[in-house]
Amino acid sequence: METLYRNARIATLAPFAEGLGIIEHGAILLSGERIAWVGPMEDLPTGINPARSINLEDRWVTPGLIDCHTHLVFGGDRAQEFEMRLAGASYEEIARAGGGIVSSVRATRAASEDELVAAALRRLDALIAEGVTTIEVKSGYGLDIETERRLLAAARRLGRERDVTVLATFLALHALPPEARDDRAGFVRMMCDEALPAFAADGLVDAVDAFCEGIAFSPEETARLFTAARALGLPVKLHADQLSNLHGARLAAEFGALSADHLEHTDADGAAAMAAAGTVAVLLPGAFYFLRETVKPPVEAFRAHGTRMAIATDCNPGTSPVTSLLTIMNMAATLFRLTVDECIAGVTREAARALGKLGETGTIEPGKFGDLAIWDIERPAELVYRVGFNPLHKRIRRGR
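Residues numbered from 1 in each chain as written. Predicted model: local features only at pLDDT ≥ 70, side-chain atom pairs only at ≥ 80, totals over all residues. Heavy atoms only, no water.

## Some remarks on the overall build of the chain
When helices and strands are tallied, the chain shows 15 helices and 15 strands. Expected size for 400 residues packed as a compact globule is a radius of gyration near 21 Å; at 21 Å, the chain falls within 12% of this value. Projected onto its principal axes, the C-alpha coordinates of the chain cover approximately 70 × 40 × 40 Å. For the chain, the proportion of its 400 residues judged to be buried stands at 59%. Accessible area of the chain: about 15,300 Å², with a carbon and sulfur share of 50%. (Helix = DSSP H or I, 4+ residues; strand = E, 2+ residues; numbered from the N terminus. Rg over C-alpha atoms; globule rule 2.2 N^0.38 Å. Buried < 20%, exposed > 50% of the residue type's maximum accessible area, 1.4 Å probe, protein only. Areas by Shrake-Rupley, 256 points an atom, 1.4 Å probe, with all protein chains shown as cover.)

Take a look at the structure:
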């Protein structure tokens, strides 16, 4: 069925357009799941006779929003650690005292798949209500084969139980579980040589990730995982340079990673390497805010080298319990000084690029999926400027 959306103000985010690729008095023709045509109303091809013609009355249309970095499936919460941080404890101090990721692991291992899905759906629904049509969901709170499989299966179920595209990332090296403290090499070997091939064979994995940091895994351990992923034909992503500069950005670029994420301590060489490799810098202002960090990602270096920038919620129980991509846009602008255009591109076109899905979604162009968000706003800046206000009029995913 064809549907024509007319009298719209469209931010196409087309890659080679100026700014947001705005069409002031435009129309979008959807044919089934795909965009068949987009352009000014006066250029609408003759002979079009769609089953439905909808007057948007000058509302704004953007691509459907994309949250390209989340840890949406987990058990329990870490509100107590939030209180500890307020009392002065650092992220590292909490982690070394047995809190942090490991505390979420205990709660996650105790939860059934049904319980994990039910809890995650509440978080997912909040994101969908703001116009999100595509989301990445990482595992990483199981730290054993059985629970990691359950997390990835739960992520797949989210995509079946809601009208949203879900991409599942195996966060194989997130933290060292207590039972592996005396056999670090054995844990890395298990995740690389047993878990990863098994999950890939079962169709549970769209990408592979690691946390490369002093309190997590070394560049050498990360490279071992990435080599295993590459042998299976799986793309990689990396939590890089969040707390220190282990040159994770450069490592990600060397493996042609889809993205490197966090990046507060990345240097200019890392930014240049990412740009050359086409690796997207995913900025996560929610974690920066909740951890009260002071070192900001090198946004000027990313701009100077042409490194693409996306932004995401990093929704997780400990360091970014955020389920609002609109709020994250405001944080990116306020804390990291991104422009309005960079923020909107960061949750559409560049987020799609960070997931390896720019050929399918992230812009409003013929041939791509009809993933759209229709807004009751006067100008695109309102999407970034407001906090606690949701101006979504209608969300369309794959033409529906």
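## Things to note about the sheet that holds strand E9 (residues 207-212)
If you walk across this open sheet you meet the eight strands as E6-E7-E8-E9-E10-E11-E12-E13, and the pairing is parallel. Unpaired on one side and paired on the other, strand E6 (65-67) and strand E13 (309-311) mark the two borders of the sheet. Across this sheet, the average inter-strand angle for adjacent strands is 25 degrees, counted without regard to direction. Strand direction decides the pairing type here: E9 and strand E10 (residues 237-240), joined by two bridges, are parallel. Bridge pairing links Cys-212 to Ala-240 in E10. (Pairing = 2+ DSSP bridges. Axes fitted to C-alpha atoms, helices over the stretch in contact; angles between N-to-C directions.)

## Concerning the UniProt feature "binding site: Zn(2+)" (unreviewed entry) in the chain
UniProt's entry tags His-69, His-71, His-239 and Asp-314 with the feature "binding site: Zn(2+)" (unreviewed entry), counted in the numbering of this structure. Over a stretch of 246 residues, the named residues converge on one spot in the fold, their C-alpha atoms separated by at most 12.2 Å. Among the residues just listed, His-71, His-239 and Asp-314 line the largest cavity. Secondary-structure assignment places His-69 in the loop between E6 and helix H1 (79-86). Ignoring anything within four residues of it in the chain, the contact list for His-69 reads Glu-136, Lys-138, His-239, Asp-261, Val-282, Leu-284, Ala-312, Thr-313, Asp-314 and Cys-315. Looking at where His-239 falls in the secondary structure, it is placed in strand E10. Here His-239 is in contact with His-69, His-71, Lys-138, Leu-171, Asp-209, Ala-210, Phe-211, Cys-212, Asp-261 and His-262, once residues within four sequence places are set aside. Within the structure, the side chain of His-239 is placed 3.3 Å from the side chain of His-69, a separation counted as a polar contact. (UniProt positions renumbered as here; feature names shortened; annotations may be inferred. 1 Å grid on protein atoms, 1.4 Å probe; cavity = no way out; pocket = protein on both sides within 12 Å on 5 of 7 lines; lining within 4 Å. Contact = heavy atoms within 4.5 Å. Polar contact = N/O pair within 3.5 Å; in protein donor to acceptor, adjacent residues only side chain to side chain.)

## Focus on the pairing of strand E5 (residues 60-63)
Two faces make up the sheet, and in a regular strand the side chains alternate between them. Bridge count between strand E1 (residues 2-11) and E5: two bridges; the pairing is parallel. Bridge assignment links Arg-9 to a residue of E5, and that residue is Trp-60. In this structure, E5 lies alongside strand E14 (residues 372-375), joined through four bridges in antiparallel fashion. Looking across to E14, one finds that Pro-63 is bridged to Leu-372.

## Notes on the UniProt feature "binding site: N-formimidoyl-L-glutamate" (unreviewed entry) in the chain
When the UniProt feature table is mapped onto this chain numbering, "binding site: N-formimidoyl-L-glutamate" (unreviewed entry) sits at Tyr-141, Asn-316 and Gly-318. Sequence-wise these annotated residues cover 178 residues; spatially they are packed, their C-alpha atoms never more than 11.4 Å apart. Those annotated residues lining the largest cavity are, specifically, Tyr-141 and Asn-316. By the element assignment, Tyr-141 lies in the loop between strand E7 (132-138) and helix H5 (145-161). Among the secondary structure elements, Gly-318 is positioned in the loop between E13 and helix H12 (325-336). Given a relative accessible area of 2%, Gly-318 falls into the buried group. In this structure, Gly-318 is in contact with Arg-78 and Arg-85, ignoring residues within four places of it in sequence.

## Some points on the pairing of E10
In E10, alternate side chains face the same way, and those of Lys-237 and His-239 on one face and Leu-238 and Ala-240 on the other are all buried. On the question of chirality, the crossover connecting E9 to the parallel E10 by way of helix H7 (residues 219-231) is right-handed. In the sheet, E10 pairs with strand E11 (residues 259-262) via four bridges, with the strands oriented parallel. Paired with Ala-240 across the bridge in E11 is His-262. Read from E10 through helix H8 (residues 248-254) to E11, the crossover connection turns out right-handed. (Right-handed = clockwise from strand over helix to strand, strands pointing away.)

## What about helix H9 (residues 268-277)?
Within H9, burial applies to Gly-270, Ala-271, Ala-273 and Met-274. The buried residues of H9 occupy an angular sector of 165 degrees when the element is viewed end-on, so they sit on one face. Away from its buried face, by an angle of more than 90 degrees, H9 presents the exposed residues Asp-269 and Ala-276. At its buried positions, H9 is contacted by H8, E11, strand E12 (280-283) and helix H11 (299-305). Backbone geometry just after H9 places Gly-278 at a positive phi near 75 degrees. (Arc of directions from axis to C-beta.)

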